[in-house]
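As a plain string of letters, each chain reads:
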Amino acid sequence: MSSDGASTQADESNLDDCVIRQEEETNPQLNSRNLSWTKLQRADSLDVESASLGAAMGGGMGWAVVLQLAFQSIGVVYGDIGTSPLYVFASTFTDGIKHNDDIIGVLSLILYTLTLIPLIKYVFIVLRANDHGDGGTFALYSLICRYVKVSLIPSQEVEDRDVSTFQLELPNKSLQRASKLQSKLENSNFAKYVLLFATMLGTSMVIGDGVLTPCISVLSAVGGLKEATSHMTEDRIVWTSVVILVTLFMVQRFGTDKVGYTFAPIIFVWFSFIAGVGVFNFIKYDTSVIKALNPIYIVDYFTRNKDQAWISLGGAVLSITGTEALFADVGHFSVRSIQISMCCVTYPALVLAYTGQASFLCKNNHLVANTFYESIPGKMYWPMFVVAVAASVIASQAMISATFSIIQQSLALGCFPRVKIVHTSNKYPGQVYIPEVNHLLMFACICVTLGFRTTPKIGTAYGIAVVLVMALTSTFLVLVMIMIWKTNLLFIILYILIIGSVELLYMSSVLYKFDQGGYLPLAFAMILMMVMCTWNYVYRNKYYFELDHKISPEAVREIVGETSTPRLPGLAVFYSELVHGIPPIFKHYVGNVPALHSVLVFVSFKSLPISRVPEEERFLFRRVQPKELQVFRCVVRYGYKDVRNEEVPFERLLVERLKEFEESGGGEVGDLERAWRSGVVHMVGEHEVAAAKGAAVWKRVVIDYGYNFLKKNLRQSNRVFDIPHKRMLKVGMTYHL
């Protein structure tokens with residue numbers, strides 16, 4: 001790296017070390033003029049003091065905005081967990097109630113499960129493990145990737161850690177166990193694959209839940225009409241459910257903002273109704289159920305009923321379905337808004353609802369099969385029925401929104417095929433809509449609804465998806481506690497013993513009903529895993545192919561500097577995902593088109609394991625020497641929540657940043673300006689991928705059939721990156737992997 005002038009001279013033997021950031025030390029003018037970047041406020045799980053939490057927690061927002069988001073979250077996040085009182089007691093006591101103390105025991109089990117899992121684990125612990133305000137399995141994985149080198153793609157650069165949102169604010173402790181665990185993960189390929197596989201599995205289960213939730217919610221809601229009128233046959237219920245499902249998915253394009261405002265008042269009324277009825281039943285029937293606050297009744301329940309009590313856990317766990325949406329949907333809102341809505345509305349309403357139902361059942365054991373509707377006071381029946389139907393339909397929204405969020409994250413990290421991400425709100429960048437995924441979810445929901453027709457088997461499938469995702473979240477959270485938060489070992493042990501034991505106990509129960517419908521979410525997960533693993537496998541191998549066949553700086557200078565190669569007026573932009581070096585497609589292009597434009601820019605799109613990269617820190621330039629060649633390399637860094645189709649065209653942003661780079665180095669921007677005005681041509685690699693000669697059968701199936709099928713049926717890179725179609729030239733090349 002040359003220190004002379006302000007031109008960021010590149011050492012001929014080490015092109016990749018030439019970075020604009022390193023100019024700051026040698027050029028104060030550059031530092032003050034062009035790199036006076038506004039650092040975004042740090043706001044994620046890595047802050048030690050709660051007082052330092054910023055916008056991700058809601059602290060950087062005004063209280064009016066936080067309360068507004070809290071109200072919206074009621075309609076989007078809590079529909080699933082909020083409608084659980086419709087069926088929990090009925091699902092738990094499938095063989096009827098044998099003793100009133102069993103009611104107290106199950107109520108105690110429900111209350112402590114609600115307190116330990118959704119409230120303590122998710123609201124007060126897991127939500128703090130957000131990645132700059134974004135949640136879900138991939139957010140936890142990205143946190144770990146940012147701190148520990150467990151990524152399977154070697155695209156890391158030293159400069160990435162200078163991005164304001166990348167920097168880690170860690171506790172000022174150096175604990176031996178954290179260093180040991182970090183070292184083991186970094187040096188074990190097996191551990192890296194396990195982490196990635198677990199992340200994909202958790203993502204697949206959440207997406208599978210996004211299919212199951214609408215099906216069971218709508219079917220159960222419309223099925224209630226069968227008791228209200230004899231004209232509703234099973235066929236009519238099924239087709240009415242299909243119509244409602246299609247309508248629900250069609251309104252998703254309007255965005256979470258509008259959907260949340262539409263649904264929030266209904267769910268708020270729902271919570272008010274179930275809380276009010278709960279208080280009424282508690283006072284009217286049996287106030288002694290307050291004894292459920294004593295957990296000894298849980299022990300007595302298991303002692304008295306033994307294996308039947310263990311099997312009944314599959315019903316009790318339905319009280320926390322939709323809990324993962326608290327974390328997965330946090331990007332649509334903020335941590336503080338979720339905490340407020342959960343603690344002030346959802347949790348109190350659910351506690352009162354279950355307590356009231358238990359009081360009713362103590363005097364009406366025989367009505368357990370239809371506890372919810374039987375416990376409603378006469379005059380409240382029809383209003384409650386209407387709101388219950390609406391709330392059950394709305395319950396689907398939580399997992400649909402969570403599915404959009406989590407696919408956006410997996411797409412950016414190379415674990416999902418290219419799809420279009422539509423940001424539906426200018427105010428809240430975390431609110432997204434994915435048309436292709438929305439249509440696939442709708443199709444899957446219709447198939448499940450028409451195929452199963454009733455809710456029992458779908459209900460059994462619920463438990464496995466819910467508990468497995470919770471267990472995976474706990475596993476990642478423990479890694480975050482040890483390596484990033486460096487939490488006191490005693491607290492980690494307590495978390496594993498208390499929260500971990502509860503989740504394992506529930507998992508053992510729901511797996512017992514695997515053959516009764518529990519296979520459904522696993523079947524969905526396996527299909528999605530095949531898609532994700534296929535795409536990620538080829539994605540990684542394509543990167544390694546380009547890395548192995550990259551063109552050296554010497555070869556670039558030789559090709560461009562040849563006197564026989566004419567230079568045409570204009571700017572040529574070559575696109576690839578290769579961060580280190582010039583992609584092999586350049587040599588392929590030169591071999592077929594013996595002319596080059598006067599200015600060449602090699603652009604690499606790179607996803608960082610963070611949610612967002614500030615626009616002013618997005619572009620990283622390097623120059624190929626000698627300067628007269630007018631050849632540049634540019635790495636464009638995005639987070640998995642960034643918008644890639646900006647309001648300002650990418651081409652204009654690229655040229656403006658390149659001009660700043662030239663000016664900061666004391667270079668003349670005249671050549672660049674003339675080249676731009678002469679015209680810009682975008683060179684996009686049209687890579688055909690094929691298995692290499694002699695490859696194993698499974699590899700040929702994955703690459704030649706699986707990957708190429710996905711590639712042909714999904715979006716091309718020019719549509720994802722908003723490359724002008726009229727000025728785009730596709731350069732074909734075959735990669736033998």
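Residues numbered from 1 in each chain as written. Predicted model: local features only at pLDDT ≥ 70, side-chain atom pairs only at ≥ 80, totals over all residues. Heavy atoms only, no water.

In the annotation of an unreviewed UniProt entry, the entry for the protein chain reads Potassium transporter, and the organism field reads Salvia divinorum. As recorded by UniProt, the Sequence similarities (unreviewed entry) comment attached to the protein chain reads in full: "Belongs to the HAK/KUP transporter (TC 2.A.72.3) family." Under the UniProt heading Function (unreviewed entry), the note attached to the protein chain is "Potassium transporter." (UniProt positions renumbered as here; feature names shortened; annotations may be inferred.)

**So, the overall build of the protein chain**
Helices and strands together make up the secondary structure of the protein chain, namely 27 helices and eight strands. Burial statistics for the protein chain: of 737 residues in total, 60% are counted as buried. Excluding contacts between residues fewer than 6 apart, the proportion of contacts in the protein chain whose partners are at least 24 apart in sequence is 83%. Split by element, the accessible area of the protein chain, about 29,000 Å² in all, is 60% carbon and sulfur. (Helix = DSSP H or I, 4+ residues; strand = E, 2+ residues; numbered from the N terminus. Buried < 20%, exposed > 50% of the residue type's maximum accessible area, 1.4 Å probe, protein only. Contact = heavy atoms within 4.5 Å. Areas by Shrake-Rupley, 256 points an atom, 1.4 Å probe, with all protein chains shown as cover.)

**A look at the packing of helix H21 (residues 519-548) against helix H26 (residues 697-713)**
The contact between H21 and H26 brings their axes to 10 Å, and the two run at 100°. When the interaxial angle is binned, H21 and H26 end up roughly perpendicular. Seen from H21, the contacting residues are Val 531, Thr 534, Trp 535, Tyr 537, Val 538 and Lys 542; seen from H26, they are Trp 698, Lys 699, Val 702, Ile 703, Gly 706, Tyr 707, Leu 710 and Lys 711. Taken together, the residues that form the contact of H21 with H26 break down as nine nonpolar, two polar and three charged. (Axes fitted to C-alpha atoms, helices over the stretch in contact; angles between N-to-C directions. Parallel < 35°, antiparallel > 145°, perpendicular 65-115°, else oblique. Nonpolar A, V, L, I, M, F, W, Y, C, P; charged D, E, K, R; others polar.)

**Looking at the sheet that holds strand E8 (residues 728-736)**
Within a sheet, adjacent strands bond to each other through the backbone by hydrogen bonds, running parallel or antiparallel. Strand order in the open sheet formed by six strands is E5-E6-E4-E3-E7-E8, and the pairing between neighbours is mixed. Both outer strands of the open sheet, strand E5 (619-624) and E8, are each paired with one neighbouring strand and no more. Recorded for the sheet is a direction-independent mean angle of 25° between the axes of neighbouring strands. In the sheet, strand E7 (residues 680-690) pairs with E8 via nine bridges, with the strands oriented parallel. Its bridge partner lying in E8, His 682 is registered against Met 728. Its contacts with the sheet put helix H23 (residues 585-592) on strand E3 (567-576), strand E4 (596-607), E7 and E8, and the angle it makes with E8 is roughly 115°. (Pairing = 2+ DSSP bridges.)

**Overview of the nonpolar core**
Membership of the largest hydrophobic core comes to 162 residues, with the highest contact counts inside it found for Ile 144, Trp 270, Phe 271 and Met 483. Counting residues per element, this core draws most heavily on helix H19 (residues 456-485), at 22 residues. When sequence neighbours within four positions are dropped, the list of residues in contact with Met 483 reads Ile 144, Tyr 147, Val 148, Ala 178, Leu 181, Gln 182 and Leu 185. Among the nonpolar cores identified, the runner-up in size contains 33 residues, and Tyr 589, Val 689, Leu 710 and Met 733 belong to it. (Core = buried A, V, L, I, M, F, W, Y, C linked by side-chain atoms within 4.5 Å.)

**Structural notes on the environment of Ala 465**
Mapped onto the secondary structure, Ala 465 falls in helix H19. As a C-alpha pair, Ala 465 and Ser 204 span 261 residues in sequence and 9.4 Å in three-dimensional space. Ala 465 has contacts with Met 205, Asp 209 and Pro 521, leaving out every residue within four places of it along the chain.

**Overview of the confidence of the model for the protein chain**
Scored by pLDDT, the protein chain has a mean of 78; 81% of the residues are at 70 or more. A low-confidence stretch, residues 1-55 (pLDDT under 50), is modelled with 138 contacts involving residues beyond four sequence positions or located in other chains. (pLDDT = per-residue confidence, 0-100.)

**Describing the packing of helix H10 (residues 234-250) against helix H18 (residues 435-452)**
With their axes 10 Å apart at the nearest point, H10 and H18 run at an angle of 170° to one another. Compared by their axis directions, H10 and H18 come out roughly antiparallel. Of H18, the residues touching H10 (which contributes Val 238, Trp 239, Ser 241, Val 242, Leu 245, Val 246, Phe 249 and Met 250) are Asn 438, His 439, Leu 441, Met 442, Cys 445, Ile 446, Thr 449 and Leu 450. Split into classes, the residues belonging to the contact of H10 with H18 amount to twelve nonpolar, four polar and no charged.

**A word on a nonpolar patch on the surface**
The grouping of Leu 489, Leu 490, Phe 491, Ile 493, Leu 494, Leu 497 and Ile 498 at the surface amounts to a nonpolar patch, some 670 Å² of accessible area in total. Its location among the elements puts Leu 497 in helix H20 (residues 489-511). (Patch = residues over 30% accessible without salt bridge, like charges linked within 9 Å, V, L, I, M, F, W, Y side chains within 5 Å. Salt bridge = Lys/Arg side-chain N within 4 Å of Asp/Glu carboxyl O.)

**Some words on the packing of aromatic side chains**
Under the defined criterion, the tally for this structure stands at 27 aromatic pairs. Relative to Phe 302, the ring of Tyr 301 lies with its centre 5.8 Å away and its plane at 80°, an arrangement referred to as edge-to-face. For Phe 302, a relative accessible area of 24% translates into the label partly exposed. With a centroid separation of 6.0 Å and an interplanar angle of 25°, the aromatic rings of Phe 619 and Phe 650 are classed as stacked. Linking Phe 619 in strand E5 with Phe 650 in helix H24 (residues 650-664), this pair joins segments that are 31 residues apart in sequence. Of the residues examined, Phe 619 reaches a relative accessible area of 7% and is grouped as buried. Owing to a relative accessible area of 4%, Phe 650 belongs among the buried residues under this scheme. Ring-pair connections join several aromatic residues into one group, and the members of that group are Tyr 575, Phe 605, Phe 619, Phe 621, Phe 632, Tyr 638, Phe 650 and Phe 661. (Phe/Tyr/Trp six-rings, centres within 6.5 Å; stacked < 30°, edge-to-face > 60°.)

**Focus: the pattern of salt bridges**
What the rule picks out here adds up to eight salt bridges. For Glu 503, the salt bridge is made with Lys 121, and the minimal N-O distance between the two is 2.5 Å. You can see Glu 503 sitting in helix H20 and its partner Lys 121 sitting in helix H5 (residues 100-124), a full 382 residues away along the chain. Comparing Glu 503 with Lys 121 shows no difference in burial state: the two are buried. Put simply, Arg 657 and Glu 660 hold a salt bridge, and the shortest N to O gap is 3.7 Å. Residue Arg 657 and its partner Glu 660 are both found in helix H24; the two are separated by three residues, about one turn of the helix.

**Considerations on helix H12 (residues 296-305)**
Within the span of H12, buried status applies to Tyr 297, Ile 298, Tyr 301 and Asn 305. Burial along H12 is one-sided: seen end-on, the buried residues are contained in an arc of 105°. Contacts made by the buried residues of H12 are with helix H4 (88-92), H5 and helix H13 (307-316). At the C-terminal side of H12, Lys 306 shows a positive phi close to 50°. (Arc of directions from axis to C-beta.)

**Focus on the pairing of E7**
Among the eleven residues that make up E7, eight are buried, leaving the element largely enclosed by the rest of the structure. Relative to E7, E3 runs parallel, the two sharing five bridges. Within E7, the residue paired with Val 573 across the bridge is His 682.

**Notes on helix H2 (residues 63-76)**
Between the first and last C-alpha of H2 there are 20 Å, a value that for 14 residues agrees with the 20 Å anticipated at 1.5 Å per step. Among the residues making up H2, those that are buried are Val 66, Leu 69, Ala 70, Gln 72, Ser 73, Ile 74, Gly 75 and Val 76. (Expected span 1.5 Å × (residues − 1).)

**Quick word on the side chain of Thr 83**
Mapped onto the fold, Thr 83 is located in the loop between helix H3 (79-82) and H4. In this structure the side chain of Thr 83 is engaged in a polar contact, spanning 3.1 Å, whose partner is the backbone oxygen of Asp 80. (Polar contact = N/O pair within 3.5 Å; in protein donor to acceptor, adjacent residues only side chain to side chain.)

**A short note on unusual backbone geometry**
For Lys 306, which is not glycine, the phi dihedral falls at a positive 50°. Relative to the helices and strands, Lys 306 is located in the loop between H12 and H13. Relative accessible area serves as the criterion here: at 56%, Lys 306 is assigned to the exposed category. Positive phi, normally seen in glycine, also occurs at Gln 630, with a value near 55°. Position of Gln 630 among the secondary structure elements: in the loop between E5 and strand E6 (631-638).

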